[in-house]
Amino acid sequence: MAPRRPAELYRAPFPLYTVRLHPQRLLAITAGGGGAAKTGIRNGVHFLQLEQIGGQLSASLLHSHDTETRATMTMALADDIIAAGQDASCHILRFSLQVPEAKSGSAGRNGSGEKGPRKRKGPSPAGQGDTQSQTSEVTVESLHSVRTDFSPDALQKAVCFNADCSLLVTGGADGFLRLWEFPSMKKTLEFKAHDGEIEDIALGPDNKVVTAGRDFQCCVWQQDQLVTGLRWNENLPGIPDKAYRYQACRFGAVEDNAGALRLYTVQVPHKRERRPPPCYLTKWDGKSFLPLLTRPCGNEVISCLSISDSGTFLGLGTVTGSVAIHIAFSLQRLYYVKEAHGIVVTDVAFVPESRGGRELLAGNEAALLSVAVDSRCKLHLLPSRRSLPVWLLLLLCAGLIVAAILLLQLTFPGFL
């Protein structure tokens, strides 16, 4: 059965380029904008409160942070810190969430709409739904701003924190990888990692950095030393080296194996063709960086990749607006909605698997948020897969064996 059309969780007044979810505070933080062009389209970072209302996951706007003439294209989240890629710079923001004392009675109406309790609307068919008072308040302060790209195109393409948030890594259109101490934002290292744009960055164990570039390379770095270059097609002789380029890279945990780590990469065709060849997903050992499995993932060009907290699921968005969820173990597709958005999906993110996040899942196995240039944030739910307990499976197997023996006895008297 095909999945239902995804619910529209939120619609922003500007194109959306990135989304991140806070694991403890149940916030979705999404950002974008119209850039510096004087088109009247604003730029901002929106903070959305996630909660269950009437059995459905709902998002309501808590706060809109104005980013002036800068559209946020990339974003990394570390507790209450946001590293936002805006044009050629990385802006470090700190946000705080206050929950005031509960107010008795209904709040007075405020004509300006800026002060007093905001109103929240839960998702409902045909735009109907009750409103509830919103009491949480978000404040945002700017801590740092550093130049992270020096190309003529002036664009930071990727940003990532390490596990203990002591290091921030950025990559841009100039192909340089830059490492920054955090929170001081003192630059400790920069070097040319790729001939051309860096598409994505992933930070692994021992602060090894994986970079995916438009120069057909995906490299593993220790500081500025090249550890290895990945070759996803070395066991696929029918695919030339420069027929595909790397689009995304992400590290993920391994379910039920705390010490293991996997790296996942997406390969997309370098040239657009009338009959497009498939894109590919590759799973790598996260320590030896040897390829473990490669599978095609459809003919639509992949634009973004996300990994669930447990490492069980991969989320994919495409340039044609489709969204898919794959199981990480086999890379098999479990969920797919064609053209969930009307235009390129710019980012996807899974609902965290923290205690609060599991409450938001409401019995579903996973929930994925997708954002796109169409200004919409949509919700994709993966229902729990029905499974039988092991004891019941053993009981069924024993019953089948007994039935087979009795059938043989009836067919061939004296069999036993």
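Here, the structure is the one placed above.
Source: prediction; values computed, not measured.

Novice: Can you help me understand the overall build of the protein chain in this one?
Specialist: Regarding its fold elements, the protein chain presents 2 helices and 30 strands. Out of the 416 residues belonging to the protein chain, those deemed buried represent 48%. Across the protein chain, contacts joining residues at least 24 apart in sequence account for 49% of those joining residues at least 6 apart. When the accessible surface of the protein chain is summed, it comes to about 21,000 Å², and 53% of that surface belongs to carbon and sulfur atoms.

Novice: How should the nonpolar core be read in this particular structure?
Specialist: Burial of nonpolar side chains together is a common tendency in soluble globular proteins. Ranked by size, the top nonpolar core spans 22 residues in total, and within it Leu-9, Leu-21, Leu-50, Val-351, Leu-369 and Cys-377 carry the most contacts. Where this core is concerned, the elements lending two or more residues are strand S1 (7–11), strand S2 (16–21), strand S4 (43–53), strand S5 (56–66), helix H1 (355–361), strand S29 (364–372) and strand S30 (376–383). Here Leu-21 is in contact with Leu-27, Ala-28, Leu-50, Leu-77, Ala-349, Phe-350, Val-351, Pro-352 and Leu-369, once residues within four sequence places are set aside. Judged by nonpolar contacts, the second largest core, of 16 residues, contains Ala-202, Leu-230, Phe-251 and Trp-284.

Novice: Before we go on, may I ask you to explain the sheet that holds strand S8 (residues 89–98) in this structure?
Specialist: Hydrogen bonds between backbone groups are what pair the strands of a sheet, and the pairing can be parallel or antiparallel. The antiparallel open sheet is built from 4 strands, whose spatial order is S6-S7-S8-S11. Because the sheet does not close on itself, it has two edges, and the strands there are strand S6 (72–78) and strand S11 (137–147). On average, each strand axis in the sheet is tilted by 25° relative to the strand beside it, whichever way the strands run. Relative to S8, strand S7 (residues 81–86) runs antiparallel, the two sharing 6 bridges. Bridge pairing links Gln-86 to Ser-89 in S8.

Novice: Would you explain the pattern of salt bridges in this entry?
Specialist: Charged atoms that come close allow side chains of opposite charge to pair. Evaluation of the coordinates by the stated rule reveals 17 salt bridges. Of the charged contacts in the structure, one is a salt bridge between Glu-141 and Arg-94, with a shortest N-O distance of 3.2 Å. With Glu-141 in strand S11 and Arg-94 in strand S8, this residue pair connects regions lying 47 residues apart in the sequence. Salt-bridge contacts for Glu-199 lead to Arg-214; the nearest nitrogen and oxygen are separated by 2.8 Å. Placement of Glu-199 in strand S16 (residues 198–203) and of Arg-214 in the loop between strand S17 (209–213) and strand S18 (218–222) is noted, with a sequence separation of 15 residues between them. Given the relative accessible area of 37%, Arg-214 is considered partly exposed. One continuous salt-bridge network, built from bridges that share partners, spans Lys-157, Glu-197, Glu-199 and Arg-214.

Novice: Explain the pairing of strand S28 (residues 345–350) here, please?
Specialist: In the case of a regular strand, side chains alternate between the two sheet surfaces. Counted residue by residue, S28 has 5 buried out of 6 residues, so it is predominantly covered. Note: S28 against S29, 5 bridges, orientation antiparallel. Bridged to Phe-350 within S29 is Leu-368.

Novice: Help me understand the sheet that holds S18, please; the structure alone is not making it clear to me.
Specialist: Strand order in the open sheet formed by 4 strands is S16-S17-S18-S19, with antiparallel pairing between adjacent strands. Sheet topology places S16 and strand S19 (225–229) at the edges, where each strand pairs with a single neighbour. On average, each strand axis in the sheet is tilted by 25° relative to the strand beside it, whichever way the strands run. Summarising the sheet, S18 and S19 pair through 4 bridges and their orientation is antiparallel. The residue of S19 that forms the bridge with Cys-219 is Gly-229.

Novice: I tried to follow the packing of aromatic side chains on my own but got confused; where do I start?
Specialist: Geometry of an aromatic ring pair is reported as the spacing of the ring centres plus the angle between the planes. Evaluation of the coordinates by the stated rule reveals 7 aromatic pairs. Ring geometry for Phe-47 and Phe-95: centres 5.4 Å apart, planes at 55°, overall tilted. Placement of the pair is Phe-47 in strand S4 and Phe-95 in strand S8, with a sequence separation of 48 residues. With a relative accessible area of 1%, Phe-95 lands in the buried category. On the basis of an interplanar angle of 80° and a centroid distance of 5.1 Å, the ring pair of Phe-161 and Phe-182 is categorised as edge-to-face. A residue pair is termed long-range when its members are at least 10 positions apart, and Phe-161 in strand S12 (residues 156–161) and Phe-182 in the loop between strand S14 (176–181) and strand S15 (187–192) qualify at 21 residues. Judged by its relative accessible area of 10%, Phe-161 falls in the buried class. The class for Phe-182 is buried, based on a relative accessible area of 15%. One aromatic cluster in this structure is built from Trp-232, Tyr-244 and Tyr-280. Here the guanidinium or amino end of Arg-333 rests over the ring plane of Tyr-336, the centre of that ring lying 4.2 Å away.

Novice: What's the story with unusual backbone geometry in this structure? I'm lost.
Specialist: Trans is the common state for peptide bonds, and a negative phi is the common state for residues other than glycine. Cis peptide bonds are those with omega within 30 degrees of zero, and the linkage from Phe-182 to Pro-183 qualifies with 20°. Here Pro-183 is to be found in the loop between S14 and S15. Even without a glycine there, the phi angle at Glu-68 is positive, about 60°. Tracing the sequence through the fold places Glu-68 in the loop between S5 and S6. Although it is not a glycine, Phe-289 sits at a positive phi angle of roughly 60°. Among the structural elements, Phe-289 can be located in the loop between strand S22 (280–285) and strand S23 (291–296).

Cut-offs applied
- Residues numbered from 1 in each chain as written.
- Predicted model: local features only at pLDDT ≥ 70, side-chain atom pairs only at ≥ 80, totals over all residues.
- Heavy atoms only, no water.
- Helix = DSSP H or I, 4+ residues; strand = E, 2+ residues; numbered from the N terminus.
- Buried < 20%, exposed > 50% of the residue type's maximum accessible area, 1.4 Å probe, protein only.
- Contact = heavy atoms within 4.5 Å.
- Areas by Shrake-Rupley, 256 points an atom, 1.4 Å probe, with all protein chains shown as cover.
- Core = buried A, V, L, I, M, F, W, Y, C linked by side-chain atoms within 4.5 Å.
- Pairing = 2+ DSSP bridges.
- Axes fitted to C-alpha atoms, helices over the stretch in contact; angles between N-to-C directions.
- Salt bridge = Lys/Arg side-chain N within 4 Å of Asp/Glu carboxyl O.
- Phe/Tyr/Trp six-rings, centres within 6.5 Å; stacked < 30°, edge-to-face > 60°.
- Lys NZ or Arg CZ within 6 Å of the ring centre and 35° of its normal.

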